[in-house]
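# Commentary on secondary and tertiary structure
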Amino acid sequence: MFRRMKIGVVVLALWLAAALVPPAVAQDFPVTIDHAFGTTTVPSRPERVATVAWANHEVPLALGIVPVGFARANFGDDDGDGVLPWVAERLAELGAQTPVLFDEGDGIDFEAVAATRPDIILAAYSGLSRSEYDILSRIAPTVAYTDGPWSTGWREMIRLNAAGLGMATEGDALVSDLEARIAEVSGRHPEIAGKSAMFVTHLDVRDLSVIRFYSANDPRARFLEDLGLTSPQAVLDATEPGRYAGEVSAEKIDMFDDVDIVVTYGGETLMGRVSENPLTSRMKTIKTGSVVLLGNDPVGTAANPTPLSIPFVLEDYVARLADAARKAE
């Protein structure tokens, strides 16, 4: 069983803080939000909230609002119901049934989204194209990302989506509460502080000639920094400006000698192949075993942090990083 703190406890401070806010402040509309595709105006408080792409639905859920529809989980769904465990737990806490689930295996299902008759569509963390945004905006006011696709951090995802709901103050309170929880848990593992960590994307055991990694622009890498780790200079140097991922030839593997910990998806079979490969076996972290292997499970999914997943798996994730950090010493 994963060690977890009840999500209801996490949001309790949020609700208490919100209770102290004068209602007129929280309910002022219209709300205007600037993003990468322009400006979205929400004319009145939305009653029917739909979300697309990864995890945007967790913001209204954390704030006590059940969306009319959101994206079906396609990674980390341990029981095949399309809902991640922390989302199922939060729905149960709110006494709600599972809403409509949008199948995004082949992209956004615009017809399914429109059928839920939303007053707003939240997509602060997404890879929306301009044309996709335009289509969604014809259905309802749509909140998009501010910088680049798939680069929105969990704080900004909360704040952008909460602003669209007219709950900016509550969103700030949720961010502060989660930051306090992160500081408390990571503070119990001083061995990870200051260590450098590189998040490698899924390695292909059939072809280890290229090392692909998430850059410091990606939420996974930024979450490692939240926990007290640092981005290796080699990763920063190998990343093109504005990109959330990068890659280098395995022939240049020695450039990553400044990496203390590698986080990646895979199992012992992968480690065996990487350890036997004449190029990847030269990497310092492979020699020391300071590698965190993630699977298609809750911890592997929550390595990309979201409002509800952070308290659900934080202690387990930090414990794995701490174990790798000790091996790196």
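Everything below is about the structure shown above.
Remember, it's a predicted structure, so these values are computed and weren't measured experimentally.

What follows deals with the packing of aromatic side chains. Summed over all chains, the structure comprises 9 aromatic pairs. Plain terms: the ring middles of tyrosine 125 and tryptophan 150 are 5.2 Å apart, the flat faces sit at 75° to each other, and that makes the pair edge-to-face. Here tyrosine 125 is found in the loop between strand E6 (120–122) and helix H6 (130–139), whereas its partner tryptophan 150 is found in the loop between strand E7 (142–143) and helix H7 (154–164), with 25 residues between them in sequence. We classify tyrosine 125 as buried; its relative accessible area is 4%. Under the relative-accessibility criterion, tryptophan 150 is labelled partly exposed at 28%. The positively charged end of arginine 220 is found above the aromatic ring belonging to tyrosine 214, 4.1 Å away from the centroid.

Here we take up the sheet that holds strand E12 (residues 291–294). With respect to topology, 3 strands assemble into an open sheet ordered E8-E11-E12, the strand pairing being parallel. Looking at strand neighbours, the two that pair on one side only are strand E8 (197–199) and E12, the edges of this open sheet. With strand direction ignored, the average angle separating the axes of adjacent strands in the sheet is 15°. Alignment of E8 against strand E11 (residues 261–265), held across 3 bridges, turns out to be parallel.

Following phenylalanine 29, the chain continues to proline 30 via a peptide bond in cis, the omega torsion being 5°. Phi at alanine 55 takes a positive value of approximately 70°, unusual for a residue other than glycine. Among the secondary structure elements, alanine 55 is positioned in the loop between strand E3 (49–51) and helix H3 (58–62). The backbone phi angle of arginine 117 is positive, close to 50°, even though this residue is not glycine. By the secondary structure assignment, arginine 117 is in the loop between helix H5 (110–115) and E6. We classify arginine 117 as exposed; its relative accessible area is 55%.

Both faces of E12 are covered, namely the face carrying Val291 and Leu293 and the face carrying Val292 and Leu294. Direction of pairing for E11 relative to E12: parallel, over a ladder of 4 bridges. In the strand pairing of E12, threonine 264 is matched with leucine 293.

Turning our eyes to something else, we now look at the side chain of threonine 306. When you line up the elements, threonine 306 lands in the loop between helix H13 (298–302) and helix H14 (309–328). What makes threonine 306 buried here is its relative accessible area of 0%. A polar contact of 2.7 Å, which involves the side chain of threonine 306, links it to the side chain of glutamate 58. Aside from chain neighbours lying at most four places away, what touches threonine 306 is Trp54, Ala55, Glu58, Trp86 and Met157.

Rules behind the numbers
Throughout, a residue's number is its position along its own chain's written sequence, starting from 1. Whole-chain, interface and lining totals are the exception, using all residues; otherwise, since this is a predicted model, local features are given only for residues with pLDDT of at least 70 and side-chain atom pairs are given and counted only at 80 or more. Calculation of side-chain values draws on the structure's entire complement of heavy atoms; hydrogens and water are dropped beforehand. A pair of aromatic rings is counted whenever rings of Phe, Tyr or Trp (Trp by its six-membered ring) have centres within 6.5 Å, and the orientation is called stacked for planes under 30 degrees apart, edge-to-face for over 60 and tilted otherwise. A run of DSSP states H or I qualifies as a helix once it reaches four residues; a run of E qualifies as a strand once it reaches two. Both are numbered from the N-terminal end. Burial here depends on accessible area, computed with a 1.4 Å probe over protein chains only, as a share of the maximum for the residue type. Under 20% is buried, over 50% is exposed, and the range in between is partly exposed. As a reminder, the over-ring test applies to NZ of lysine and CZ of arginine, requiring each to be within 6 Å of the ring centre and within 35 degrees of the ring normal. Two strands form a pair only when DSSP identifies at least two bridges running between them. For every element, the axis is a line fit to its C-alpha atoms; helices are fit only across the contacting stretch, and the angle between N-to-C directions ranges from 0 to 180 degrees. Pairing of N or O atoms within 3.5 Å defines a polar contact, subject to two protein rules: one partner must be a possible hydrogen donor and the other a possible acceptor, and residues neighboring in sequence count only if both atoms are side-chain atoms. Here, residues are in contact when the closest pair of their heavy atoms is within 4.5 Å.

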